[in-house]
Amino acid sequence: MAGPSHHGLEPGDRPGTALDGRLLARLWPFVRPHAHLLWLGLLCLLLLSACRLAMPWLVKVAIDDYLSVGDLDGYYPLLVAFLLVGILNGVLRRTQHIAMETAGQNALLDLRLAIFRHLQQLQASFFDRTSTGRLVGRVTTDVEALQEMFASGVVTIIGDLIFLFATLAILFALHVKLALISLLVVPFLLIVTLIIRIKVRSAYVSMRAKLSEMNGFLHECISGMGVVQMFNREAATQKEYVAIASGVRDSQLKTVWWETSLSTSVELLSSLTGALILWYGGGLVAENWRTDGIQGGLTLGVLFAFIDYMQKFFHPLNELSLKYTVMQNAMTASRRIFDLLDVEERLPEQTNTVDPGEVVGELRFENVSFGYNPEVPVLKNLSFSVAPGEKVALVGATGAGKTTVLKLLTRLYDPTDGRILLDGVDIREYALRDLRKRIGLVPQDVFLFEGDILENIRLGHPEVSDERAIAAASRLHLDEIVARFPGGWHEPVRERGRNLSAGEKQLLSFARVFAASPRVLVLDEATSNVDSHTEHLLQEAVHDIMEGRTSIAIAHRLSTVRDVDRILLFHKGELVEQGSHADLLAAGGKYAALVALQYGDE
Ligand SMILES: Nc1ncnc2c1ncn2[C@@H]1O[C@H](COP(=O)(O)OP(=O)(O)OP(=O)(O)O)[C@@H](O)[C@H]1O
Ligand SMILES: [Mg+2]
């Protein structure tokens, strides 16, 4: 079921720091092309801080220099200035936001593309080991964590810090003692927010884990709904879902609890600060009035400015701890992304490859050994050859290694020992593209992509014309089936082809090979049963398609085996018998036993 949250720690993750120079340096190349926007955003940010600092100051001057002496003529221009600064503030905020988001989103697009490009180059063994959910998480959730960093993180932290220090400077310039008293609460605020933030963060991590568990559960149940219903599992599944969904509710409520504790504490401490300023500052103002300013004290304008500045001061202070966690998430996410980008598991390709041209189609396996896991050999010292145009069938018990032979031939994996030759040349000397274009594959599990029927037939060979694709499909009598579809040849094929029947999917995958018409054909016959009519169509298709090509068919049906020139019998990764159907039957060895077992009733 669903793996751990992508925001939480995964096995192998080191606990994150909020700033990691090495990671930032690796992110930079993605940001650099859009850096001009970043600088624009930064400039706006500085001007924005200036605006925010100017507003309380304008009010202070208005009160002390004009209002308190009844000078409305001087007061109105300040009002206009106040309004203008307010408008400028809005414009700058929006510009800053858009510039930084644009830079961030573009950088993330480049990053997403880079990850996907990288994934497409990795070899099959990597995907054997790595869970799909986790890889999808790299491209989605982890990239989103970085997006949060751009939206609210790094650059604005600089702005916040500048704003905080500038505010401090102004407060101290206005009145040292009152400034000290205003800041009394700040250490408490920092400690309280930090503690609660840690709680919030861990609540979020567990909430995300629960959410991803729920998503995984739903994904599995919805795609297997038919099975759930068939096996009367509704009640049991519902019960499981109740547990998971309640867990989600509880964890959501927990985050709300801590989030509100945080905002409440910040508000309380901010009010406390306001009260402190009013208490101490109020005394000073009263003294100022009593003595007409002679004994010092404080003007009303300064008192107002203090309250306003302190309110503005609390907001970024509170945000700092939030941004700290955003940065921490972003660093964890980017470490995971770069760990993936650092995976160098791809099949070695030679630099000066041999151009296969039009291949003749002579195949040779020379002492090939292979194991998905080096300790568990799947193919052992395998040697055989197939002449151009010869039709060969591989047979053997399930798990004998038949499909593996095809995977080596199409270079999804490379042998651990020995070599495979096509037209006398080691297949590793061809470019991967060239090799794979020349071998037609009908896989055991048909995989269709979203698109329409024709697009799926043309897969890998975009040069195939509509006419040729339709002609190929018609040879398999697919035209009769397609005629029933409302969309005809352009009938949409849904995810993995789930709107087609198993037999239709198989016919379609045969049509792919017909349309491409390769010299070498490898065919992994599906074991799933299709109706006898389709079975017959498939039989004919196999027969037709193998004609005149070098073909290796993994055969499960006796009729396929009878058609071929030679049969190779595999047993536990070794080639134990070969010959024609009649010869092998006559020899009375393992093949004869297998036939008797599998096709006893024929
Ligand atoms: N990706 C993989 N990772 C690890 N082991 C694998 C992998 N694919 C196959 N195997 C193992 O390799 C062995 C051979 O598998 P293979 O798919 O070649 O069998 P097969 O002869 O095609 O069987 P079948 O007739 O059932 O299709 C099996 O024991 C299988 O468990
Ligand atoms: Mg197989």
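Above this text is the structure in question.
So, how was this worked out
Residues numbered from 1 in each chain as written. Chains lettered and ligands numbered in written order. Predicted model: local features only at pLDDT ≥ 70, side-chain atom pairs only at ≥ 80, totals over all residues. Heavy atoms only, no water. Donors = N, O, S within 2.8 Å, 3.2 Å for Na, K, Ca; no water. Helix = DSSP H or I, 4+ residues; strand = E, 2+ residues; numbered from the N terminus. Buried < 20%, exposed > 50% of the residue type's maximum accessible area, 1.4 Å probe, protein only. 1 Å grid on protein atoms, 1.4 Å probe; cavity = no way out; pocket = protein on both sides within 12 Å on 5 of 7 lines; lining within 4 Å. Points joined across faces, edges and corners; volume = space filled by probe spheres on them. Nonpolar A, V, L, I, M, F, W, Y, C, P; charged D, E, K, R; others polar. Pairing = 2+ DSSP bridges. Axes fitted to C-alpha atoms, helices over the stretch in contact; angles between N-to-C directions. Contact = heavy atoms within 4.5 Å.

Caption draft 1: Region of the structure containing the coordination of the magnesium ion (ligand 2). On the protein side, the magnesium ion (ligand 2) has Thr403 (OG1) and Gln444 (OE1) as donor atoms, found 1.9 to 2.4 Å from it. With threonine 403 in helix α12 (residues 402-409) and glutamine 444 in the loop between β6 (439-442) and β7 (451-452), this residue pair connects regions lying 41 residues apart in the sequence. The class of glutamine 444 is partly exposed, set by a relative accessible area of 28%.

Caption draft 2: The arrangement of empty space enclosed by the protein in detail. Counting across every chain of the model gives three cavities of 30 Å³ or more. Contributing to the lining of the largest cavity are Val442, Pro443, Gln444, Val446, Gln506, Ser509, Phe510, Asp524, Glu525, Ala526 and Arg557. By residue class, the composition of the lining of the largest cavity is five nonpolar, three polar and three charged.

Caption draft 3: Main features of unusual backbone geometry. For asparagine 232, which is not a glycine, the phi torsion comes out positive at approximately 50°. Residue lysine 572 is not a glycine yet carries a positive backbone phi of 50°. Residue placement: lysine 572 occurs in the loop between β11 (566-571) and β12 (574-579).

Caption draft 4: Structural view of the sheet that holds β12. Taking strand neighbours across the sheet as the criterion, the six strands line up as β6-β9-β10-β3-β11-β12 in an open arrangement whose pairing is mixed. Strands with a single pairing partner mark the edges of an open sheet, and in this sheet they are β6 and β12. Neighbour to neighbour, the strand axes of the sheet diverge by 20° on average, direction disregarded. Sheet topology places β6 next to strand β9 (residues 520-524); four bridges connect them, and they run parallel. Along β9, the bridge assignment pairs leucine 441 with valine 522. Set on the sheet, helix α21 (residues 590-598) makes contact with β3 (391-396), β11 and β12; between it and β11 the angle comes to about 85°.

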